[in-house]
Amino acid sequence: MNTIKRILYVTAAVLISFCANAQEEGKKKMEQDFEKFKQNREIDFQNFKKQRKEELKKMAQEYQDYYNSMMGLKKYYVENKDTAKANVVDDIIKFEESVSYVFGKRLKVTEPVVVTPTEIKKEEVKQPDQEKPHFIKSNNNTEQVTTKEEEVKVQKVVEETKMETTFIPLPTDGNTIPILTPLPKAKSKITSPYGMRLHPTLKRNIKHNGVDFGSGRNTEVFAAANGKVVLAEFNRSFGNYIIVEHKDGTSSLYAHLETINVSKGNTVKKGDLIGYTGSTGRSSGAHLHYEVRVSGIPVNPEGYLKEYK
Ligand SMILES: [Zn+2]
């Protein structure tokens, strides 16, 4: 009997000490895990902060560039004593100023970078993949080319968002409002439509004010209608870009150009060669970003792609 008791005591003592040990080990492990979690969380948080700061910087830059472009337009209209149009643009400028408060930043007027037109060589036979020297160095490392998976995602977002198209009926001569597709037919496949889309670099839904044509580099860009060049300059978002003003308050915008072949104030005819496609500014590969604006407001350009050169 005594022996059995002794065995029981010893066993109990061993079990108790074993349990205490296990408890100590468990506690240590939990502490280690928690320390690891805290470290990972800190790294995640730092990365998140960095990413958000980068996004905000890019968005603020886009607002700033758009604002500058509108200031350029206003200057043009004021110089030409067109008060009505200057007032329309002024409304947009005021709106941009109010939006900029979201970033806690005041939009500043900066002098636009005027791009000297490149002479058009009429005899030159163009090779599609031939690289011309960059007019203004494009900053390709700011963006990656959209992957197939992202494209599918974008398509889904676009289908879910039905955007209305404001379309001004065709005048009888058909030359004064933008109806010509600004690229040769073979190069005018739309790769990104107008409307809400997943921004390729910012990874969130942002309104796309125009259409993107997968034109490749150095494709001829034509004026969509008769009109006047009101802006031909460079900014960080649009790169080298042109705005042509047409009749009835319509205008067309051509962005990310490799070269610009017209200057501010030039009169252009429908189908005139005004530049070549490229990837300047914030661009994911060589393409043409094309906008149609009615009274300064971007509308869906797809309703305006009625003809080909
Ligand atoms: Zn675009």
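Up top is the structure these notes are about.
Quick caveat, the model's predicted, so the values are computed rather than measured.

Conventions and cut-offs
- Residues numbered from 1 in each chain as written.
- Predicted model: local features only at pLDDT ≥ 70, side-chain atom pairs only at ≥ 80, totals over all residues.
- Heavy atoms only, no water.
- Helix = DSSP H or I, 4+ residues; strand = E, 2+ residues; numbered from the N terminus.
- Buried < 20%, exposed > 50% of the residue type's maximum accessible area, 1.4 Å probe, protein only.
- Polar contact = N/O pair within 3.5 Å; in protein donor to acceptor, adjacent residues only side chain to side chain.
- Contact = heavy atoms within 4.5 Å.
- Axes fitted to C-alpha atoms, helices over the stretch in contact; angles between N-to-C directions.
- Parallel < 35°, antiparallel > 145°, perpendicular 65-115°, else oblique.
- Left-handed = near helix turned anticlockwise from the far one by under 90°.
- Nonpolar A, V, L, I, M, F, W, Y, C, P; charged D, E, K, R; others polar.
- Phe/Tyr/Trp six-rings, centres within 6.5 Å; stacked < 30°, edge-to-face > 60°.
- Donors = N, O, S within 2.8 Å, 3.2 Å for Na, K, Ca; no water.
- Core = buried A, V, L, I, M, F, W, Y, C linked by side-chain atoms within 4.5 Å.

### Focus: the side chain of His 289
Within the fold, His 289 resides in strand S12 (residues 288–294). Judged by its relative accessible area of 7%, His 289 falls in the buried class. Among the polar contacts made by the side chain of His 289, one reaches the side chain of Glu 291 at a distance of 2.8 Å. Leaving out residues up to four positions away in the same chain, His 289 has contacts with His 208, Gly 210, Val 211, Asp 212, Phe 238, Leu 253, Tyr 254, Ala 255 and His 256.

### A look at the packing of helix H1 (residues 2–79) against helix H2 (residues 83–100)
Orientation of H1 relative to H2, taken along the N-to-C sense of each, is 160°, at an axis distance of 9 Å. The pairing of H1 with H2 is recorded here as roughly antiparallel in orientation. For the crossing formed where H1 meets H2, the hand is left-handed. Contact residues: Tyr 63, Tyr 66, Tyr 67, Met 70, Met 71, Leu 73, Lys 74, Tyr 77 and Val 78 in H1; Lys 85, Ala 86, Val 89, Asp 90, Ile 92, Ile 93, Glu 96, Glu 97 and Val 99 in H2. Taken together, the residues that form the contact of H1 with H2 break down as 13 nonpolar, no polar and five charged.

### Quick word on unusual backbone geometry
Glycine aside, the phi torsion of most residues is negative, and most peptide linkages are trans. Although it is not a glycine, Lys 81 sits at a positive phi angle of roughly 55°. Looking at the secondary structure, you find Lys 81 in the loop between H1 and H2. Residue Asp 248 is not a glycine yet carries a positive backbone phi of 55°. Relative to the helices and strands, Asp 248 resides in the loop between strand S8 (239–245) and strand S9 (250–260). Look at Asp 248 and you get partly exposed, because its relative accessible area is 48%.

### With respect to the packing of aromatic side chains
In total, this model carries five aromatic pairs according to the counting rule given. Ring geometry for Phe 238 versus Tyr 241: centroids 5.1 Å apart, planes at 50°, classification tilted. This pair shows no difference in class: Phe 238 is buried, exactly as Tyr 241 is. Summarising the aromatic geometry, the rings of Tyr 254 and Tyr 290 are spaced 5.4 Å apart at their centres and angled 45° between planes, so their arrangement reads as tilted. One end of the pair, Tyr 254, is in strand S9; the other, Tyr 290, is in strand S12, with 36 residues separating them in the sequence.

### Considerations on the coordination of the zinc ion
Protein ligation of the zinc ion involves His 208 (NE2), Asp 212 (OD) and His 289 (ND1), the donor distances falling in the range 2.0 to 2.2 Å. Here the donor residues for the zinc ion map to a single chain with the spacing H-x3-D-x76-H. The exposure classification of His 208 matches that of Asp 212, with both residues buried.

### Thoughts on the nonpolar core
Within the largest apolar cluster, 28 residues are counted, with the highest numbers of intra-cluster contacts made by Ile 242, Tyr 254, Ile 274, Leu 288 and Tyr 290. Taken together, the elements giving at least two residues each to this core come down to strand S5 (211–213), strand S7 (227–235), S8, S9 and S12. For this core, the element with the highest residue contribution is S12, accounting for four residues. If we ignore the near neighbours within four places in the chain, the residues touching Ile 242 are Val 229, Leu 231, Ala 232, Ser 252, Leu 253, Tyr 254, Leu 257, Ile 260, Val 262 and Ile 274. One finds Ala 86, Leu 107, Val 230 and Tyr 241 within the second-largest nonpolar core, a separate group that totals 18 residues.

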